[in-house]
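# Survey of secondary and tertiary structure
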Amino acid sequence: MRGLPVSAVWHPFTQHGLEEPIPLIARAEGAALYTREGRRIIDAISSWWVTTHGHGHPHIVAAIRDQAERLDQIIFAGWTHEPAEAVAAMLVEHMPAPLAHVFFSDSGSTAVEVALKMALGFWLHRGEPRHRILTLEHGYHGDTIGGMSVGARGVYNQAYTPLLFDVETLPFPAGDGAATLSSLERACAGRPAALILEPLVLGAGGMLFYPPAVLAEMRAICARHGVLFIADEVMTGWGRTGTLLACEQAGIVPDILCLSKGLTGGSLPLAVTMATPALFEAHWSTDKARMFFHSSSYTANPIACAAARANLEIWRDEPVLERVALLAERQAARLAGLGGVRAARRCGTIIACELGGAGRDYLAAIGPALLAFFRERDLLIRPMGNTVYLMPPYCIDEADLDTLHAAIAEAAARFG
Ligand SMILES: *Cc1c(COP(=O)(O)O)cnc(C)c1O
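Just so you know, these numbers come straight off a predicted model, no measurement behind them.

### Quick look at the UniProt feature "binding site: pyridoxal 5'-phosphate" (unreviewed entry) in the chain
Taking the numbering used here, the UniProt-annotated feature "binding site: pyridoxal 5'-phosphate" (unreviewed entry) corresponds to Gly108, Ser109, Asp232, Ser296 and Ser297. A maximum C-alpha distance of 23.1 Å is found for the annotated residues, which run over 190 residues; spatially they are spread out rather than grouped. Leaving out residues up to four positions away in the same chain, Ser109 has contacts with His141, Gly142, Asp143 and Thr144. Topologically, Asp232 is positioned in strand E10 (residues 228–232). Discounting residues that sit within four places of it in the chain, Asp232 has contacts with Val112, Tyr140, His141, Ile196, Leu197, Glu198, Pro199 and Cys258. Side chain to side chain, Asp232 and His141 meet in a polar contact 2.7 Å long.

### Examining the site of the ligand
As a structural note, the neighbourhood of the ligand is formed by Trp49, Ser107, Gly108, Ser109, Tyr140, His141, Gly142, Glu198, Asp232, Val234, Met235 and Lys261. One of the side-chain N or O atoms of Asp232 is found 2.7 Å from a nitrogen atom in the ligand. Between the ligand and Lys261, the relevant distance is 2.7 Å, taken from an oxygen atom to a side-chain nitrogen or oxygen of the residue. Contact with the protein chains removes 83% of the 380 Å² of surface that the ligand exposes when unbound. Residue composition of the shell around the ligand, by class: 4 nonpolar, 5 polar and 3 charged.

### Some details on the side chain of Gln67
With respect to the helices and strands, Gln67 occurs in helix H2 (residues 58–70). In this structure, Gln67 is in contact with Pro83, Pro302, Ile303, Ala306 and Arg309, ignoring residues within four places of it in sequence.

### Things to note about the UniProt feature "modified residue: N6-(pyridoxal phosphate)lysine" (unreviewed entry) in the chain
Summarizing the sequence annotation, UniProt attributes the feature "modified residue: N6-(pyridoxal phosphate)lysine" (unreviewed entry) to Lys261 in the numbering used throughout. With respect to the helices and strands, the residue Lys261 is situated in the loop between strand E11 (256–259) and strand E12 (271–275). Given a relative accessible area of 21%, Lys261 falls into the partly exposed group. Beyond its immediate chain neighbours, meaning those up to four positions away, Lys261 contacts Trp48, Trp49, Val50, Val234, Met235, Gly266 and Leu270.

### Here's the deal with helix H4 (residues 108–125)
The terminal C-alpha atoms of H4 lie 26 Å apart, and with 18 residues this matches the ideal 26 Å at 1.5 Å per residue to within 8%. For H4, the buried fraction is high: 15 of the 18 residues fall into the buried class.

### Here we look at the layout of surface pockets
By volume, the second largest pocket is sized at about 840 Å³. If you trace the second largest pocket, you find 29 residues lining it, with Phe103, Phe280, Met291, Phe292 and His294 closest to the centre. Listed by contribution, the elements that provide at least two residues to the lining of the second largest pocket are helix H3 (82–94), strand E4 (101–105), E12 and helix H8 (277–283). Examining the composition of the lining of the second largest pocket, we find that 4 residues originate from one element, E4, more than from any other. Here the residues of the lining of the second largest pocket sort into 15 nonpolar, 10 polar and 4 charged.

### What about unusual backbone geometry?
Of note, the bond from Ala97 into Pro98 is cis; its omega dihedral lies within 30 degrees of zero at 5°. The topology assignment puts Pro98 in the loop between H3 and E4. Phi angles above zero are rare outside glycine, and Leu200 is one such case at about 70°. Among the secondary structure elements, Leu200 is positioned in the loop between strand E7 (194–197) and strand E8 (201–202). Classification of Leu200 by relative accessible area gives buried; the value is 2%. Notably, Trp238 is not glycine yet its phi reads approximately 65°, a positive angle. Note on placement: Trp238 falls in the loop between E10 and E11. Overall, Trp238 belongs to the buried group, its relative accessible area being 1%.

Conventions adopted
Per-chain numbering applies: the sequence of each chain, read as written, is numbered from 1 onward. It should be noted that, the model being predicted, local features are given only for residues of pLDDT at least 70 and side-chain atom pairs only at 80 or more, the latter also being counted only at that level, while totals for whole chains, interfaces and linings use all residues. With hydrogens and water set aside, each side-chain value is computed from the structure's full complement of heavy atoms. UniProt positions are given in the numbering used here, feature names are shortened, and annotations may be inferred rather than shown by experiment. Contacts: residue pairs with any heavy atoms within 4.5 Å of one another. Secondary structure counts use DSSP, requiring at least four H or I residues in a row for a helix and at least two E residues in a row for a strand, with both numbered from the N terminus. What qualifies as a polar contact is a pair of N or O atoms within 3.5 Å, subject to a donor-acceptor requirement within protein and to the restriction that residues adjacent in sequence count only when both atoms come from side chains. We call a residue near a molecule or strand when any one of its heavy atoms sits within 4 Å of it. In these tables, accessible area is a Shrake-Rupley quantity obtained with a 1.4 Å probe, and a residue counts as shielded only by the protein chains included in the view. Only Asp, Glu, Lys and Arg are considered charged, only Ala, Val, Leu, Ile, Met, Phe, Trp, Tyr, Cys and Pro nonpolar, and every remaining residue, Gly among them, polar. Type-normalised accessible area, obtained with a 1.4 Å probe on protein chains alone, sets the label of each residue: buried when under 20%, exposed when over 50%, and partly exposed for intermediate values. Expected span, for any helix, means 1.5 Å times one less than how many residues it has. The rule is simple: put a 1 Å grid over the protein atoms alone, call a set of points where a 1.4 Å probe fits but cannot get out a cavity, call an open set with protein on both sides within 12 Å along at least five of seven lines a pocket, and count a residue as lining if it has an atom within 4 Å of a point. Grid points are joined across faces, edges and corners, and a volume is the space filled by probe spheres set on the points.

Dropping the structure here:
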């Protein structure tokens, strides 16, 4: 037995047995984190894909402070409050029609659970029960049992695999996506309930990108067969791919849309599952047995909703998409000059490449060495196996971007 840990905290996705140092962050501002000792660390992954405008945006901070003084928490079953009403109304206005109904929850995983439950309820209440869910190879939809069930199987869920429900997995849309489209066409003939996917970017699967045309065609096939189309935009939403939603680039609207991460600008946990009137109406009745049976204690927490409202106001009042476009351009220019890496690619503000030997194994031996390499340079870059990516907040400046790209080039030279 090793010595007792100095902290009682059990960290997520962390192997404590490796005794990796766990830095303590004391404050954050813009694209930077600061340790207690005052070291400045560049947040190259937006604190795990949540921070959009930058840490501590004054408008969001003020909204949180103000709401905390007014109303901290209230049951949301049969009660409502102003921040939730405002967020729902603004979402309906900002997101494409006919996504007219907003169901609140607390995280990306719960937004996905809600989406799956809505889809199954839809079919049951239509008197045509369907349970089969279609997914994409390498997909990721969260770490709850339902989220893991519709996501890729791997080392990260092998202990739980016997409990996960069966899904039908379509091949990742490589090239022109023909294999994916034909297997979707075949799968739809079996009358599945829904297809769930990450539009344009499979994040946790290794920053794998596929073209809008394939996304548009998948949507069209689902529509033709009456299969519900669930877009998990938990990561891709809020500008990451260059547009507010990734779906926009394919000119499509899903039946169900999952949003979280950047919903509060990355400040507080909150999620929404948006649905079309058909989904809502399938549950609408005078019969209590047909209500949507889902809730959690903190559903639509007023403080989190106030942060989300402030985020939506920033999108309304500030040139966010121009910042996104500028960041995308700056990433592209630097990526073009990045030597020694394989499979360099970009989607909107996100860039990714491969270092070291072949294989995208999450536990690739190079992973911890790379993580340590970047940490020593005061950079929060968290490789997935040998995939290195940057997904910075939109406020990051050119000097910090230069530092990040130079570090990747140095890592490429070191790790080959
Ligand atoms: C992060 C993520 C989730 C899970 O969100 P949590 O808030 O971590 O539960 C679900 N889907 C996608 C696409 C994600 O990137």
